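What follows is the residue order along each chain.
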Amino acid sequence: MMASVIDKTGFTSEEMVIRGVRVHMLTAGRGSPVVYFHGAGSIGGFDHLLPLAERHTLYVPAHPGFGASDDDRHIDSILDYVVHYADLFDRLGLNEKVDLVGHSLGGWMAAMFAVLQGHRLRKLALVSPAGLRVPEHPTLDLFTIPADQLPPYLVADVKTLGRLLPGGMTNEIKLARYRETTSLARVAWDRLYDPKLERWLDRVTVPTLLLWGEQDRCIPAQQAHSWAKRIAKAEVATFPNAGHLLFAESADAVQRLNAFLS
Amino acid sequence: MALLDSLQFYFMHFMPYTKLPPGRTQGQWVDIPNAHFDPVEGNRLYKQYLDELVLGDQLGYDGLVVNEHHSTFYSLMPSCSVIGGALAALTKRAKICMFGTPIALTQPHRVAEEYAMIDVMSGGRVEVAVPLGTGMEYFVNPVNPSFARERFREAMDILVQAWTQPGPTRYDGKFFQYKYLNPFPTPYQKPHPKIYIVGSGSEETIAFAAEKGFGYSQVFVPLAPQLKSFQHFREESARHGHKTDSESIIISAMVYVAETEQKAMEEGREHMMFYFKHLLKTSQHFYAPPGHLPIERLKKRLESGTTIQDTEVTWELLNTLYRTVLGTPEQVAEKIAMWCEQAQSSKIILHMHVGDMPHWKAVKNLTLFAEEVMPRFRRSAPGLRQAAE
């Protein structure tokens, strides 16, 4: 069963039940499908993705354990999320020629989805993705950073967060953050990468774009080259004055992605 | 009244490392540089603290309580089994209370083995209370805090299986697999030492302890909610067909006895303040790693705005929140009678050495309590009963 509501931003809000878990999804636009896997924080919203909906049907599902989706107590690995999304793609009839975009944690999921379900994809875009182990340019262990010290790690300009969270860090947002951080910890407390992923990346055969903020202090932009080396049809685009929340800080990056997908 | 006739006094030692680096306001956990540890001072403290525990045995305390914390000046016991082993050899009659290893942080068969060793070595003097482990422990042990509670329950099942089912047995869980669960030695006490769960008020911990028929204890939970959860624990236990009695719940108190109330305040108070201000203090970040706190608990914590770990501690606040008494033997005895009646508990943990208390005060406190307070209960002095009623 699906219920849908159009919200004020232009997204349509839908719910569905997958393996007994209620999941929430935003959709917008009309055209060939683009699916976006969000990162470990969904609280700032997804308005900055709307340009993608100009020529595509944009799907932004909330992962179980995040945003308006319910928790799934069975999920404790990236593979669980890949299986979840294989189910969701089946449900939506997305069996071929889908463009998949993943940011950060969602980038890791998207890369693993491309490794295992590549036949469904037309193009892949990874936006400051987690998942790869690059010892020379290590990913920050987010769990060691107290919440109040986190902003400069997420964005190049801390004012960006003020725009995303105009009401500030209310208790409600703190609780929502704790829940999402817990969901992240369930799959990535030990490490925000899988040491085996580099062995598997040669299975990604679709055209792939890596987008990165040059000021990313969570996952350094230098990691882009390690991805590009292992994916046959990869290109890299980096953006100055943008941090880990790339699309919130760089409209150019959204346009670059749009051009790649058109 | 029978309850007060059968009180058991447990002397608990935190074994703190008290030579704090100057100017460190964020607490002494997780990331405190261990270069501040001076092994010569450590050696002195271990000797002092073991002397105090041994004195507790000689003075007639019913139990000696040790516990376990990691990477912190709060405690010199990252393994309470090591101290438990020493106590088995150094003491004669007191219970050795392993209150205890956070079992989710280790491998449960090791807890079964080590505690059984101490139980056999001591001729059956072990009691066990198992905590989840503070959030801070999960930053310094390679265990994912978001599975802490699930892992804890599985580990407890394994401990009980190891102690109740003749081995070898098999265990196939989510976190632990045993092809041959077969701990050797097995406990001296049959079927096994008494087991308590140490909680901090979580609904699910109470439910777990009640369902499994364990005893229940709490640490540093303000009095009013603590008494409420004790009541809840008794009801839940009954619902699961487990009878509770005065030994099913353990309460705890900070106590200092002296000749006069004023002297007790003068001698004891600063060390209790030291404990709360410097040793217990930690940050919200380390206190609540992801998934370690149930979301409803975090909600309450955020809404109440103050917690003992991150607010400025005042003496008045302490006294309203916790069981604290500094006074004459009579004053101390009256409070203890009242607290035990209130919680319907006959087991009370006494923090007789607290914070940076020097050896002579610990000895004085232990001695005065044993000689002047305990006998009032042993003979169940009528005056006390009236005080409690």
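We now turn to the structure provided with this report. Predicted model only: the values in this text are computed from it and were never measured.

Conventions used here
The numbering scheme is per chain: residues are counted from 1 as the chain's sequence reads. To label them, take the chains in the order written and letter them from A, then take the ligands in the order written and number them from 1. For this predicted model, a pLDDT threshold of at least 70 governs which residues receive local features, and a threshold of 80 or more governs which side-chain atom pairs are given and counted, while totals over whole chains, interfaces and linings are taken from all residues. Calculated side-chain values reflect all of the structure's heavy atoms, with hydrogen atoms and water omitted. By the criteria applied, helices consist of DSSP H or I runs no shorter than four residues and strands consist of E runs no shorter than two, each listed in order from the N terminus. Think of it in three bands: residues with accessible area under 20% of the maximum for their type are buried, residues over 50% are exposed, and the middle band is partly exposed, with areas taken using a 1.4 Å probe on protein chains only. What makes two residues a contact is simply this: any of their non-hydrogen atoms within 4.5 Å. Only four residue types enter the tally: Lys and Arg on the positive side, Asp and Glu on the negative side; His and the chain ends are excluded. Each charge is placed at NZ for Lys, CZ for Arg, CG for Asp and CD for Glu. Note: two strands are recorded as paired if DSSP finds a minimum of 2 bridges between them. Basic side-chain nitrogens of Lys or Arg form a salt bridge, by our definition, when they fall within 4 Å of a carboxyl oxygen of Asp or Glu. Only C-alpha atoms enter the line fits that serve as axes; for helices the fit covers just the stretch in contact. Angles between N-to-C directions range over 0 to 180 degrees. Here is the rule for angles: anything less than 35 degrees is roughly parallel, anything more than 145 is roughly antiparallel, 65 through 115 is roughly perpendicular, and the remaining ranges are oblique. Side-chain classes follow a simple rule in which Ala, Val, Leu, Ile, Met, Phe, Trp, Tyr, Cys and Pro form the nonpolar group, Asp, Glu, Lys and Arg form the charged group, and the remainder, Gly included, forms the polar group. Nitrogen and oxygen atoms within 3.5 Å of one another constitute a polar contact, given that in protein one can donate a hydrogen and the other can accept it, and given that sequence-neighbouring residues count only through two side-chain atoms. In this scheme the handedness of a crossing depends on how the near helix is turned from the far one: anticlockwise by less than a right angle means left-handed, clockwise means right-handed. Throughout, buried area stands for the accessible area (probe radius 1.4 Å) lost by two parts on being put together, summed over both. We define the nonpolar core as a collection of buried residues of types Ala, Val, Leu, Ile, Met, Phe, Trp, Tyr and Cys that are connected through side-chain atoms lying within 4.5 Å of one another. Every helix has an expected span of 1.5 Å times one less than the residues it contains. Bend is computed residue by residue as the angle between axes fitted to the seven residues ending at the residue and the seven residues starting at it. Definitions used throughout: a 1 Å grid over protein atoms alone; a cavity as a set of points that fits a 1.4 Å probe which cannot get out; a pocket as an open set with protein on both sides within 12 Å along at least five of seven lines; a lining residue as one with an atom within 4 Å of a point. Grid points are joined across faces, edges and corners, and a volume is the space filled by probe spheres set on the points. Looking down the strands as they point away from you, a crossover is right-handed if its path from the first strand over the helix to the second goes clockwise.

1. Quick look at the overall build of chain B
Next, step 1: Within chain B, the secondary structure is distributed over 15 helices and 11 strands.
Next, step 2: For the C-alpha atoms alone, the extent of chain B along its principal axes is close to 60 × 50 × 45 Å.
Next, step 3: The proportion of buried residues among the 389 residues of chain B is 60%.
Next, step 4: Sequence separation of 24 or more characterises 75% of the internal contacts of chain B that already satisfy a separation of 6 or more.
Next, step 5: For chain B, the centre of its 39 positive side-chain charges and the centre of its 42 negative side-chain charges are spaced 3 Å apart.

2. Some thoughts on the pairing of strand E8 (residues 208-213) of chain A
All names here are of chain A.
Next, step 1: Counting buried positions over the six residues of E8 gives six, a clear majority of the element.
Next, step 2: The two faces of E8 match: Thr208, Leu210 and Trp212 on one face and Leu209, Leu211 and Gly213 on the other face are all buried.
Next, step 3: As paired elements, strand E7 (residues 121-127) and E8 share four bridges and run parallel to each other. Each residue of the ladder has a partner; that of leucine 126, found in E8, is leucine 210.

3. Concerning the pattern of salt bridges
Next, step 1: Tallied over the full model, the rule gives 27 salt bridges over all chains.
Next, step 2: Of the charged contacts, one joins aspartate 172 of chain B and arginine 170 of chain B as a salt bridge, the two residues approaching to 2.9 Å between their closest N and O atoms. The same class applies to aspartate 172 of chain B as to arginine 170 of chain B, namely exposed.
Next, step 3: Salt bridges sharing common partners tie together Glu15, Arg22 and Asp70 of chain A.

4. Let's talk about the packing of helix H3 (residues 80-90) of chain B against helix H4 (residues 108-121) of chain B
Residue and element names in this part refer to chain B.
Next, step 1: Following both chains from N to C, one finds H3 and H4 inclined at 10 degrees, their axes separated by 9 Å at the closest point. In terms of axis orientation, H3 runs roughly parallel to H4. Note on element contacts: H4 touches H3 through Glu114, Tyr115, Ile118 and Met121, opposite Cys80, Ser81, Gly84, Gly85 and Ala88.
Next, step 2: Split by residue class, the contact of H3 with H4 holds five nonpolar, three polar and one charged.

5. Some thoughts on the side chain of arginine 179 of chain A
Next, step 1: Along the chain, arginine 179 of chain A falls in helix H5 (residues 171-188).
Next, step 2: Engagement of the side chain of arginine 179 of chain A in a polar contact is seen with the side chain of aspartate 71 of chain A, the distance being 2.9 Å.
Next, step 3: The contacts of arginine 179 of chain A, once residues within four sequence positions are left out, are Gly65, Phe66, Gly67, Ser69, Asp70 and Asp71 of chain A together with Ile295 of chain B.

6. Let's talk about the packing of helix H13 (residues 329-343) of chain B against helix H14 (residues 359-378) of chain B
For any two helices packed against each other, the geometry is given by the interaxial angle and the distance between the axes.
Residue and element names in this part refer to chain B.
Next, step 1: Where H13 meets H14, the axes come as close as 9 Å, and the angle between the chain directions of the two elements is 45 degrees. Relative to H14, H13 is oriented oblique. The handedness of the crossing between H13 and H14 is right-handed. Judged by residue contacts, Pro329, Glu330, Val332, Ala333, Ile336 and Ala337 of H13 engage Phe369, Glu372, Val373, Arg376 and Phe377 from H14.

7. Concerning the interface of chain B and chain A
Next, step 1: Listed per partner, the contact involves 21 residues of chain B and 15 residues of chain A.
Next, step 2: Together chain B and chain A conceal approximately 1500 Å² of surface at their shared face, both sides included; 68% is due to carbon and sulfur atoms.
Next, step 3: Among the residues of chain B in contact with chain A, His285, Pro290 and Leu302 of chain B are the three that bury the most area, contributing 34% of the side total.
Next, step 4: Ionic pairing is found between aspartate 76 of chain A and lysine 174 of chain B, a salt bridge with its closest N-O pair at 3.3 Å.
Next, step 5: Here chain B and chain A share eight residue pairs in polar contact (both at pLDDT 80 or more) between them.
Next, step 6: Put simply, the parts of the chain that give the side of chain B that touches chain A at least two residues each are helix H5 (135-140) and helix H11 (295-304) of chain B.
Next, step 7: The element contributing the most residues to the side of chain B that touches chain A is H11 of chain B, with five residues.
Next, step 8: In terms of residue class, the side of chain B that touches chain A is built from 12 nonpolar, five polar and four charged.

8. Quick notes on the nonpolar core
Next, step 1: Ranked by size, the top nonpolar core spans 104 residues in total, and within it Phe37, Phe89, Leu100, Leu105, Leu201 and Trp227 of chain A together with Tyr275 of chain B carry the most contacts.
Next, step 2: For this core, the element with the highest residue contribution is helix H2 (residues 105-117) of chain A, accounting for nine residues.
Next, step 3: If we ignore the near neighbours within four places in the chain, the residues touching tyrosine 275 of chain B are Phe14, Tyr74, Phe220, Met254, Leu280, Val354 and Gly355 of chain B.
Next, step 4: Grouped together as the second largest cluster of nonpolar side chains are 87 residues, Leu105, Ala148, Trp163 and Ala343 of chain B included.

9. Looking at H14 of chain B
Residue and element names in this part refer to chain B.
Next, step 1: With 20 residues, H14 ought to run about 28 Å at 1.5 Å a step, and its terminal C-alpha atoms sit 27 Å apart, in line with that.
Next, step 2: By the largest-angle criterion, alanine 370 marks the main kink of H14, which is about 35 degrees.
Next, step 3: Those residues of H14 that sit buried are Lys361, Ala362, Lys364, Asn365, Leu366, Leu368, Phe369, Ala370, Val373, Met374 and Phe377.

10. Looking at empty space enclosed by the protein
Next, step 1: Across all of its chains, the model carries two cavities of 30 Å³ or more by this definition.
Next, step 2: Its boundaries defined by the atoms lining it, the largest cavity holds a volume of some 120 Å³.
Next, step 3: For the largest cavity, the lining is made up of 14 residues, of which Phe220, Ser252, Ala253, Tyr322 and Arg323 of chain B are closest to its centre.
Next, step 4: Sorting the residues of the lining of the largest cavity by element identifies helix H8 (223-239) and strand E9 (249-257) of chain B as the ones contributing at least two each.
Next, step 5: With three residues, E9 of chain B is the single largest residue contributor to the lining of the largest cavity.
Next, step 6: By residue class, the composition of the lining of the largest cavity is nine nonpolar, four polar and one charged.
Next, step 7: One number sums up the size of the second largest cavity: a volume of about 80 Å³.
Next, step 8: Around the second largest cavity, the lining residues are Ala40, Ser104, Leu105, Ala130, Thr139, Leu140, Leu142, Leu184, Leu192, Cys218, Ile219 and His244 of chain A.
Next, step 9: Class assignment for the residues of the lining of the second largest cavity results in nine nonpolar, three polar and no charged.

11. Quick notes on the environment of arginine 163 of chain A
Residues and elements named next belong to chain A.
Next, step 1: Among the secondary structure elements, arginine 163 is positioned in helix H4 (residues 159-164).
Next, step 2: Under the relative-accessibility criterion, arginine 163 is labelled exposed at 57%.
Next, step 3: With 85 residues separating them along the chain, arginine 163 and alanine 248 place their C-alpha atoms 9.2 Å apart.

12. Re the pairing of strand E6 (residues 98-103) of chain A
Residue and element names in this part refer to chain A.
Next, step 1: With six of six residues buried, E6 lies mostly within the body of the structure.
Next, step 2: Looking at chain direction, E6 and E7 are connected through six bridges and run parallel. Bridge pairing in E7 places glycine 102 opposite leucine 126.
Next, step 3: At this point the chain moves from E6, through H2, to the parallel E7, and the crossover so formed is right-handed.

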